Structures are given as structure tokens and as C-alpha cells.
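# Observations on the three-dimensional arrangement
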Amino acid sequence: IDAETEVVVSPEEDVEIRRITLINRSVRIRRLSLTSYVELSLAPHRADLQHPAFNKLFIQTEAVPKHKALLAFRRPRDETDRPVFVAHRLALDHDEDTALRFETDRRLFIGRGRTLKSPMGVFHEPSGAQGFVLDPILSLRQDLSLGPGERARVSLILAAGETREKVLSLMDAYGDPFAIDRAMDVAWAAAQLQLRLLRIQP
């Protein structure tokens, strides 16, 4: 299996896209199980470094099957805290109507005595835990079949915003492969313009 990964941050929206192209170079059908994993902070970097465990106590996770996404938001500790929402989804070029399979508890995903090099969550079905967990993550699972010589593209989309509606609308918008292609093109054009302005040659 060949895997090519492209990573861009959209210049227009608070969205990161990781587009992965998978190509089956064998002569038989290959069945793949793709699992994403995102650790959450939703706080300034300094605050996360000083009190990572305390910081995560204020994060709540939610599955939104209608949008095929996982959502996380930070409950404000005081009136000056600005709301922060993050959403994540896996988008296939040929999307299928399958049940949302997910995990939001890091402890259940990694497993006792294991590390991220060989987490339990890759070998077992996700628990579907959501809500308040001690160590929140966003993890989605999607199965995929590739025939001999066949290729497929899957995009891992991560969006941030100040409202629930905003991040869910971004999940819907970037679930479309054409929107992802457009974001890739706009990001490339913006990067070329910046290189030209800085007079940086290849």
C-alpha cells in the first residue's frame, strides 16, 4: 500500500486538512481500517504546559452523527474566557452511509501498559465514549476496501471556531471533495505569493 499525505491549513477558514491518498500496489483486494487520533488542549500553549491535567478537566466531547463528526468544547471557567469549539471528521471521496465509530477517552484508546506506538484502540472496536472524560481525544474509525491497483483518498479535517454552529458548518462544507480540492489550491497559491513577496527561490 502506497500512502501520500498532503497537509494544508486553509488561508480562508480555521481548518486543517490532511489528505491521504492510498494506492493498492498488490494483486489482491486489501481491506483497511483507518483510525485517526487527535490530542486536545483548547488552551494557550503556556497554560497547557503548566497544568495539562487540570486544563483537560474543562473539555467536553460530543459525537454528532448527523455531521459525521466529533466535537469538543471548553467550558468557560470565568466570564472572560472565550468559547472554543473544535470538530473533527474523516471524509472519503466516495462517502458511504456507515455508523459513526469513535473514541474520545485517551485511556481507553491507548490501554493499560501500552503506548501510542501500539495502542489498544487500533486493535479493538472504539467504545463510543463521549461527554466528560479525564483525558479527552478525538478518534474516528473508517473501514475501506481497495481492489488491485485501486486508489482512494481520505481527508482528516480539523476545524476550530467560537460557536458550535460554525465548526459544524465547516464539517459539512469540507466533507465535499471539491471544497477540499479548492482549499488545497488556495493554500498553494497563497504560499507561492508569500514566497514571491519574501523573494525566496526554490
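Thresholds, definitions, all that
Residues numbered from 1 in each chain as written. Predicted model: local features only at pLDDT ≥ 70, side-chain atom pairs only at ≥ 80, totals over all residues. Heavy atoms only, no water. Salt bridge = Lys/Arg side-chain N within 4 Å of Asp/Glu carboxyl O. Helix = DSSP H or I, 4+ residues; strand = E, 2+ residues; numbered from the N terminus. Buried < 20%, exposed > 50% of the residue type's maximum accessible area, 1.4 Å probe, protein only. Arc of directions from axis to C-beta. Contact = heavy atoms within 4.5 Å. Expected span 1.5 Å × (residues − 1). Polar contact = N/O pair within 3.5 Å; in protein donor to acceptor, adjacent residues only side chain to side chain. Pairing = 2+ DSSP bridges. Axes fitted to C-alpha atoms, helices over the stretch in contact; angles between N-to-C directions.

This brings us to the pattern of salt bridges. Enumeration according to the criterion identifies 15 salt bridges in this entry. As a salt-bridge pair, E13 and K166 come within 3.2 Å of each other at their nearest N and O atoms. Taken as a pair, E13 in the loop between β1 (2–9) and β2 (15–23) and K166 in helix α4 (residues 164–173) lie far apart in primary sequence, 153 residues in all. The class for E13 is partly exposed, based on a relative accessible area of 28%. The partner of R106 in a salt bridge is D135, with the nearest N and O atoms 3.6 Å apart. Here R106 is found in helix α3 (residues 106–110), whereas its partner D135 is found in the loop between β9 (131–132) and β10 (136–146), with 29 residues between them in sequence. R106 gets classed as partly exposed once you look at its relative accessible area, which sits at 25%. Here the salt bridges share partners, and the residues they tie into one network are E6, R19, D93, R153 and D181.

A positive phi is found at K68, a non-glycine position, where the angle reads about 55 degrees. Assignment of secondary structure puts K68 in the loop between β5 (59–64) and β6 (69–74). Phi angles above zero are rare outside glycine, and R199 is one such case at about 55 degrees.

Before going further, it helps to spend a moment on α4. Three- or four-residue spacings in an α-helix give side chains the same orientation, since the helix completes a turn every 3.6 residues. Within the sequence span of α4, burial applies to V167, L168, L170 and M171. Down the axis of α4, the buried set is contained in an arc of 155 degrees. They therefore lie on one face. Check the buried side of α4 and you find it contacts β2, β5, β6, β7 (84–92) and β11 (151–161).

Spanning 21 residues, helix α5 (residues 177–197) covers 30 Å between terminal C-alpha atoms, matching the ideal 30 Å at 1.5 Å per step. Buried residues of α5: I180, A183, M184 and A187, and no others. Seen end-on, α5 carries its buried residues on one side only, within an arc spanning 100 degrees. Residues of α5 that are exposed and point over 90 degrees away from its buried face: F178, D185, R196 and L197. Residues of α5 that are buried in the fold lie against β1, β2 and β11. Measuring from the side-chain oxygen of the N-cap residue of α5 to the backbone nitrogen of F178 gives 3.0 Å; that N-cap residue is D176. Looking one or two residues beyond α5, the residue adopting positive phi is R199, at roughly 55 degrees.

Buried residues dominate strand β8 (residues 101–105), accounting for four of its five residues. Direction of pairing for β8 relative to β10: antiparallel, over a ladder of four bridges. For F102, the partnering residue across the bridge sits in β10 and is L140.

As summarised here, the arrangement of the seven strands in space is β1-β2-β11-β7-β6-β5-β9, forming an open sheet in which the pairing is antiparallel. Since the sheet does not close on itself, it has two edges, and those belong to β1 and β9, each with one partner. Relative to β7, β6 runs antiparallel, the two being bridged by five bridges. The partner of A72 across the bridge, within β7, is V86. The strands touched by α4 are β2, β5, β6, β7 and β11; relative to β11, the strand with the most contacts, the crossing angle is about 165 degrees. Sitting on the sheet, α5 is in contact with β1, β2 and β11, with an inclination near 110 degrees to β2.

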